[in-house]
Amino acid sequence: MTPESEPSLQPEAERVPEPAEGPTAVPEPDAEALAETAVEINELAADEPHVAILMGSKSDLPAMEKAEAELATRGIRSETRVMSAHREPDTVADYAKNARMRGIKVIIAGAGLSAALPGVVAAHTDLPVIGVPLTSRTSVAGGLDALLSITQMPPGVPVGCVGVDNARNAAVLAARILSI
Ligand code: AIR
């Protein structure tokens with residue numbers, strides 16, 4: 001009988017498994033340092049807005065403020081930005097591309113006239129986008145121009161849409177999407 005084939009005299013439960021061959025073991029992470037990092041990340045996340053409220057112009061603010069107010073009454077953190085899909089296309093694209101990484105979960109976007117903002121945002125993110133068609137000084141058919149611009153998205157790039165000038169409903173829908 002060769003030494004390799006000799007049965008072990010040690011009871012099976014007490015046998016220490018042979019270390020597996022392979023790369024050198026990575027040192028155990030420092031549990032205290034990990035816990036501190038987790039606390040720091042949580043503190044940062046605590047201030048993150050969950051809903052973005054975008055609009056194509058400062059002139060849209062009176063209508064879009066209602067979304068911000070509704071979210072605030074529900075305790076949902078939001079951030080409000082003015083950016084035009086036509087006047088600042090790169091800003092809109094960058095914002096939409098980074099939104100998920102920044103902790104944003106739903107985007108509300110309002111615009112009047114040829115209201116491209118919600119659609120352009122939806123083209124650059126897979127977060128849910130709720131469009132708010134707005135009336136503006138030179139709207140046609142009481143905001144029908146913006147309503148059609150927002151709803152008539154091509155297949156595969158959806159934008160939800162609330163009623164004309166109904167930013168509050170966009171906030172209520174965002175809250176429902178977030179289940180808050
Ligand atoms: N708008 C701005 N960039 C693209 C569009 N569609 C919209 C704004 C606003 C309207 O044009 O959302 O409702 C008029 O903008 P302003 O700045 O001339 O008052």
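Let me begin by describing the structure that accompanies this report. Quantities reported herein were computed from a predicted structural model and do not represent experimental measurements.

1. Thoughts on the overall build of the chain
- Secondary structure summary: the chain contains six helices and five strands in total.
- Of the regular secondary structure in the chain, the N- to C-terminal order runs α-β-α-β-α-β-α-β-α-β-α.
- Across the 180 residues of the chain, 31% fall into the buried class.
- Across the chain, contacts joining residues at least 24 apart in sequence account for 70% of those joining residues at least 6 apart.

2. Some remarks on the site of the ligand
- Close contacts around the ligand come from 16 residues, with G56, S57, S59, S84 and G112 the closest.
- Within the shell around the ligand, the residues separate by chemical class into six nonpolar, eight polar and two charged.

3. Digging into the nonpolar core
- Counting residues in hydrophobic clusters, the biggest one holds 42 residues, and the most contacted among them are L54, I107, I108, A109, L117, V121 and A170.
- At the level of elements, β1 (51-55), α2 (61-73), α3 (89-99), β3 (106-112), α4 (117-124), β4 (129-134), α5 (144-151) and α6 (167-178) are the ones that each hand at least two residues to this core.
- In this view, L54 contacts R81, M83, I107, I108, A109, L117 and V121; residues no more than four positions away in its chain are not counted.

4. Here's the deal with α4
- With six of eight residues buried, α4 is to be regarded as a mostly interior element.
- Turning to α4, its buried residues number three or more, namely L117, P118, G119, V120, V121 and A122.
- Against the buried residues of α4 lie β1, α3, β3, β4 and α5.

5. Details of the sheet that holds strand β5 (residues 160-161)
- Pairing within the open sheet is parallel, and its five strands lie in the order β2-β1-β3-β4-β5. Strands with a single pairing partner mark the edges of an open sheet, and in this sheet they are β2 (78-82) and β5.
- In this sheet, β3 lies alongside β1 in parallel orientation, the contact comprising five bridges. Across the sheet, the residue bridging to V51 is V106, located in β3.
- Sitting on the sheet, α5 touches β3, β4 and β5, and the angle it makes with β4 is about 160°.

6. Some remarks on the pairing of β1
- Counted residue by residue, β1 has five buried out of five residues, so it is predominantly covered.
- Residue alternation in β1 divides its side chains into two sets, V51, I53 and M55 and A52 and L54, and both sets are buried.
- When β1 meets β2, the two strands line up parallel, connected through five bridges. When the sheet's bridge partners are listed, A52 is paired in β2 with E79.
- In this fold, β1 hands off to α2, which returns the chain to β2; that crossover is right-handed.

7. Observations concerning the packing of α2 against α6
- Viewed as axis vectors pointing N to C, α2 and α6 meet at an angle of 35°, and their least axial separation amounts to 7 Å. Considering only the axes of α2 and α6, their crossing is right-handed. Contact residues: A63, M64, K66, A67, E70 and L71 in α2; A167, R168, A170, A171, V172 and A174 in α6.
- Tallied by class, the residues present in the contact of α2 with α6 amount to nine nonpolar, no polar and three charged.

Calculation rules
- Residues numbered from 1 in each chain as written.
- Predicted model: local features only at pLDDT ≥ 70, side-chain atom pairs only at ≥ 80, totals over all residues.
- Helix = DSSP H or I, 4+ residues; strand = E, 2+ residues; numbered from the N terminus.
- Buried ≥ 20, exposed ≤ 12 C-beta atoms within 10 Å, placed from the backbone.
- Contact = placed C-beta atoms within 7 Å.
- Near = placed C-beta within 6 Å.
- Nonpolar A, V, L, I, M, F, W, Y, C, P; charged D, E, K, R; others polar.
- Core = buried A, V, L, I, M, F, W, Y, C linked by C-beta atoms within 7 Å.
- Pairing = 2+ DSSP bridges.
- Axes fitted to C-alpha atoms, helices over the stretch in contact; angles between N-to-C directions.
- Right-handed = clockwise from strand over helix to strand, strands pointing away.
- Left-handed = near helix turned anticlockwise from the far one by under 90°.

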